[in-house]
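Summary of structural features
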Amino acid sequence: IVPDILVLLEQSWLVYHDLIELSAEGFDLSSIFLVGSATLDPRVFNLFDQSCIFHRPLSSALFLFPEEEYGVLPQAGPQAANAGLEVAMKLGFRKLLLLVCDFGAVDEEYQRSVDAMGTSPRNLSLPLLGSKGRTIYSSPELSVTRQLFERILYLYGARALCVGEGSRITGAESVTFEQAKQ
């Protein structure tokens, strides 16, 4: 899967390192439009042919450039999924397909695909009713992230189809991949 747009928040140099590794493996980033936080490692922008910058509402960078207030996303986080949703809303999209936007996992120990890039160890100790009616495990941080995600869906009147077995997301209908393709 090659995305048209990639939204990044991370200010860590590890994001740059991960993208360099992808490039070394032959993955071409040039066709992807980068939407990056002003706090993103500046080297990341050079890896993409097209990009734009947004500000997080409480970022110190915004205070240095107050004339760029038009480029502020309302929440811009706390996770990239939230910022990505806000970018989609700003671009006018109101019908979305969410893939692996789970805010939790079915198994407390198996939190991510072994093929996923980067690390994000979490303590998934909060049992919740999942989108398929089974118990899934989340964390207080991911639960708040999901609530903020739901708030943006509500504020913009957006609707979504969600493929995956994670947290139940208000404003999103849980479907199988086959149903989503119809």
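Everything in this summary refers to the structure shown in the same document. (Residues numbered from 1 in each chain as written. Predicted model: local features only at pLDDT ≥ 70, side-chain atom pairs only at ≥ 80, totals over all residues. Heavy atoms only, no water.)

**Focus: the overall build of the protein**
In terms of helices and strands, the protein carries five helices and eight strands. Helices and strands appear in the protein in the N-to-C order β-α-β-β-α-α-β-β-β-α-β-β-α. Here the C-alpha radius of gyration of the protein, 17 Å, is about what a compact globule of 182 residues would show, namely 16 Å. Across its three principal axes, the protein shows a C-alpha extent of roughly 45 × 40 × 35 Å. In the protein, buried positions account for 36% of the 182 residues. For the protein, contacts bridging at least 24 residues in sequence account for 53% of all contacts bridging at least 6. Carbon and sulfur atoms make up 56% of the accessible area of the protein, which totals about 11000 Å². Charged side chains of the protein number 14 positive and 22 negative; the gap between the two group centres comes to 10 Å. (Helix = DSSP H or I, 4+ residues; strand = E, 2+ residues; numbered from the N terminus. Rg over C-alpha atoms; globule rule 2.2 N^0.38 Å. Buried < 20%, exposed > 50% of the residue type's maximum accessible area, 1.4 Å probe, protein only. Contact = heavy atoms within 4.5 Å. Areas by Shrake-Rupley, 256 points an atom, 1.4 Å probe, with all protein chains shown as cover. Lys, Arg positive; Asp, Glu negative; His and termini not counted. Charge placed at Lys NZ, Arg CZ, Asp CG, Glu CD.)

**Thoughts on the pairing of strand 2 (residues 33-37)**
Of all five residues in strand 2, four are buried, a share of seventy percent or more. The pairing of strand 1 (residues 5-8) with strand 2 spans four bridges and is parallel. When the bridges of strand 2 are listed, Leu6 appears paired with Leu34. Between strand 1 and its parallel partner strand 2, the chain crosses via helix 1 (residues 13-24), and the hand of that crossover is right-handed. Two strands pair when backbone bridges link them, and strand 2 and strand 3 (residues 50-54) are joined in this way by five bridges, in the parallel orientation. When the bridges of strand 3 are listed, Ser37 appears paired with Phe54. (Pairing = 2+ DSSP bridges. Right-handed = clockwise from strand over helix to strand, strands pointing away.)

**A word on the sheet that holds strand 2**
With parallel pairing, the three strands of this open sheet are ordered in space as 1-2-3. Of all strands in the sheet, those with a lone pairing partner are strand 1 and strand 3, marking the two edges. Within this sheet the neighbouring strands show an average axis-to-axis angle of 20 degrees, counted without direction. Taken strand by strand, helix 3 (residues 80-90) contacts strand 1, strand 2 and strand 3, and its axis lies near 130 degrees from that of strand 1. (Axes fitted to C-alpha atoms, helices over the stretch in contact; angles between N-to-C directions.)

**Section: the packing of aromatic side chains**
Any two aromatic rings considered together are summarised by their centre-to-centre distance and by the angle between their planes. Considering all chains together, one arrives at one aromatic pair under this definition. For Arg43, the ring lying beneath its charged end belongs to Tyr16, and the centroid distance is 4.0 Å. (Phe/Tyr/Trp six-rings, centres within 6.5 Å; stacked < 30°, edge-to-face > 60°. Lys NZ or Arg CZ within 6 Å of the ring centre and 35° of its normal.)

**Things to note about the pattern of salt bridges**
Counted by the stated rule, this structure contains four salt bridges. For Asp41, the salt bridge is made with Arg43, and the minimal N-O distance between the two is 2.7 Å. The exposure class of Arg43 is partly exposed, given its relative accessible area of 38%. For the salt bridge of Arg146 with Glu150, the shortest nitrogen-to-oxygen distance reads 3.0 Å. On the criterion of helical spacing, the pair formed by Arg146 and Glu150 is a turn pair, its members being four residues apart in helix 4 (residues 140-155). Residue Glu150 is classed as buried on the basis of its relative accessible area of 13%. (Salt bridge = Lys/Arg side-chain N within 4 Å of Asp/Glu carboxyl O.)

**As for the nonpolar core**
Counting residues in hydrophobic clusters, the biggest one holds 15 residues, and the most contacted among them are Leu85, Met89, Leu96, Leu98, Phe149, Leu153 and Ile169. When contributions to this core are tallied by element, the ones reaching two or more residues are helix 3, strand 4 (95-99), helix 4 and strand 7 (159-163). If we skip the residues at most four places from it in the chain, Met89 touches Arg94, Leu96, Ile152, Tyr156 and Ala158. Core analysis: the second largest hydrophobic core is formed by eleven residues, Leu8, Val15, Val44 and Phe48 among them. (Core = buried A, V, L, I, M, F, W, Y, C linked by side-chain atoms within 4.5 Å.)

**Here's the deal with the packing of helix 3 against helix 4**
Relative orientation of the contacting elements helix 3 and helix 4 amounts to 5 degrees, with a least axis distance of 10 Å. When the axes of helix 3 and helix 4 are compared, the pair comes out roughly parallel. Contacts between helix 3 and helix 4 pair Ala81, Asn82, Leu85, Glu86 and Met89 from the former with Thr145, Leu148, Phe149, Ile152 and Leu153 from the latter. Of the residues in the contact of helix 3 with helix 4, the class split is seven nonpolar, two polar and one charged. (Parallel < 35°, antiparallel > 145°, perpendicular 65-115°, else oblique. Nonpolar A, V, L, I, M, F, W, Y, C, P; charged D, E, K, R; others polar.)

Function-wise, these values are silent; they only describe arrangement.
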